[in-house]
Amino acid sequence: MIERCRGSFSVRMMCARLGVSTSGYYDWRGRPPSARALDNQRLGHRIKALHEASDGVLGSPRITEDLRYEGEVCGQNRVARLMQLEGIQGVPVKKWRKSKPAGVRPAGIRNHLARDFVAAQPNEKWVTDITFIRTAEGWLYLCVVVDLFSKLVVGWSMSGTQDRQLVSQAVLMALWQRERNDHVILHSDRGCQFTSDEYNRFLRGHNLTCSMSAVGTCADNAAAEGFFGMLKRERVNRQHYQDRREARADIFDYIECFHNPRQRRRMEFRKTNESLLTQLSVKTG
C-alpha cells in the first residue's frame, strides 16, 4: 500500500500510521525479487501464452495439464491464482437441460459400456452422438466418434440433414483409421439414426458391437456429451456462422487443429511417464 500511494502521501507519515518502520519499508523496496517470485513471473508469462494460443478458452485445469505436459511441476491452485493476477480466465461451463423423446432399443441390444468410460487400449471402446450447430443458413448437424482410450475424435461427419448417412460416414472414417479389424464396442444413445436395422447390420458387418444407453439417462453417453460441451463452450458459442460452409471450416479447425493435437500430446506424455515408471521399477526391483 505504501508503495502504491507514495506519490500522493509522505512515506514517513504512512509508515507511522501503518506501524511500519521507514527503514523496513526502504529495505523491502530495495530487496531483489525472491526465487519464488521470479518463478511465478516466468510461469505467469507461460500461462498467458497458453491461454492466448487457445483463443482464451482454457481454464486453470487444462492449462495445468498443458504445463505438466511441458515438464512443469505446479498445482492447479497456483495456476488459478496466477491466472487471476494476470486477469485471465477460461470459458465457464453453461448448465442447461434438454429433453428429447427416446427411441426404442432394438431387441438383443444392451448397454455393454455400462458407464465404464475407461479403455485399456486404442480401438476398444468408441462412443458416438449427434449435435446441431446454428448458422444463419440453417442447422448444421455434426456426428462424432470418440475413442475412449485416447479421447481422440477418430471419426466425424457434417451435414445439413440428420439422417443415417450422417452417422455411417462418421463411423466409416473411424474404421478407416483403425489399423486392424479388431472388435470394438460402439456406444450411442437411442436416437432414431442409431436404432434402425440398417445401422445395426452395418455395425455387425464391420466387427462392431452396438451398445445403447438406457431410457432417459444421458449420463450413459457422458463421454460424447462431454466433447460436445467443450466444442460448444470453447468454439461454437463464441461464433456467429453466416452459413454452413463457415461452420464446417471452423469445426474442422477445432477438431483437427486444436482438440486432437492436444489429445495426442496427452497420450505422448502418458507413454513417457509409463516408460519412466517401468525403467524405475526395473532398477529398484
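Our subject is the structure listed above.
Since we're looking at a predicted model, the values are computed, not measured.

1. Here we look at the nonpolar core
Generally speaking, a soluble globular protein has its nonpolar side chains buried in company with each other. Of all hydrophobic cores here, the largest spans 38 residues; its most connected members are I47, I63, L67, L142, V144 and F227. Among the secondary structure elements, those contributing two or more residues to this core are helix 4 (35-53), helix 5 (60-69), helix 6 (76-86), strand 1 (125-135), strand 2 (138-147), strand 3 (153-159), helix 10 (222-234) and helix 11 (244-284). Here this core takes six residues from helix 11, the largest share from any one element. Contacts of L142, omitting those with residues within four sequence positions, involve D129, I130, T131, W156, S157, M158, F228, L231 and I251. Core analysis: the second largest hydrophobic core is formed by 23 residues, L152, V154, L166 and L208 among them.

2. Focus: the side chain of H259
Mapped onto the elements, H259 comes out in helix 11. Note on H259: relative accessible area 3%, which makes it buried. For H259, the side chain forms a polar contact with the main-chain oxygen of K151, separated by 3.0 Å. In this structure, H259 is in contact with K151, V153, F227, M230 and Y254, ignoring residues within four places of it in sequence.

3. Observations concerning the packing of helix 2 (residues 11-18) against helix 3 (residues 22-30)
With their axes 9 Å apart at the nearest point, helix 2 and helix 3 run at an angle of 110° to one another. Comparing the axis directions of helix 2 and helix 3 gives the class roughly perpendicular. On helix 3, the residues that touch V11, R12 and C15 of helix 2 are T22, Y25 and Y26. Grouping the constituent residues of the contact of helix 2 with helix 3 by class yields four nonpolar, one polar and one charged.

4. Overview of the pairing of strand 3
A large share of strand 3 lies buried, amounting to seven of its seven residues. Relative to strand 3, strand 2 runs antiparallel, the two being bridged by six bridges. Residue pairing for strand 3: C143 is matched across the bridge by S157. In textbook terms, the turn of a hairpin is the stretch between consecutive antiparallel strands, and for strand 2 and strand 3 this stretch comprises five residues, one of which, K151, has a positive phi near 65°.

5. Details of the packing of aromatic side chains
Tallying each qualifying case throughout the model produces seven aromatic pairs. Ring centres of W156 and F252 lie 5.8 Å apart, and the angle between their planes is 65°; this geometry places the pair in the edge-to-face category. Placement of the pair is W156 in strand 3 and F252 in helix 11, with a sequence separation of 96 residues. Here the aromatic rings of F194 and Y199 are separated by 5.5 Å at their centres, their planes lie at 75°, and the arrangement is edge-to-face. Since its relative accessible area comes to 4%, Y199 is described here as buried. Grouped by ring-pair contacts, the aromatic residues F227, F228, Y254 and F258 constitute a single cluster. Above the plane of the ring of F132 lies K232, whose end atom (NZ or CZ) is 4.6 Å from the centre.

Cut-offs applied
Residues numbered from 1 in each chain as written. Predicted model: local features only at pLDDT ≥ 70, side-chain atom pairs only at ≥ 80, totals over all residues. Heavy atoms only, no water. Core = buried A, V, L, I, M, F, W, Y, C linked by side-chain atoms within 4.5 Å. Buried < 20%, exposed > 50% of the residue type's maximum accessible area, 1.4 Å probe, protein only. Helix = DSSP H or I, 4+ residues; strand = E, 2+ residues; numbered from the N terminus. Contact = heavy atoms within 4.5 Å. Polar contact = N/O pair within 3.5 Å; in protein donor to acceptor, adjacent residues only side chain to side chain. Axes fitted to C-alpha atoms, helices over the stretch in contact; angles between N-to-C directions. Parallel < 35°, antiparallel > 145°, perpendicular 65-115°, else oblique. Nonpolar A, V, L, I, M, F, W, Y, C, P; charged D, E, K, R; others polar. Pairing = 2+ DSSP bridges. Phe/Tyr/Trp six-rings, centres within 6.5 Å; stacked < 30°, edge-to-face > 60°. Lys NZ or Arg CZ within 6 Å of the ring centre and 35° of its normal.

Scope: geometric values only; no functional claims are made or implied.
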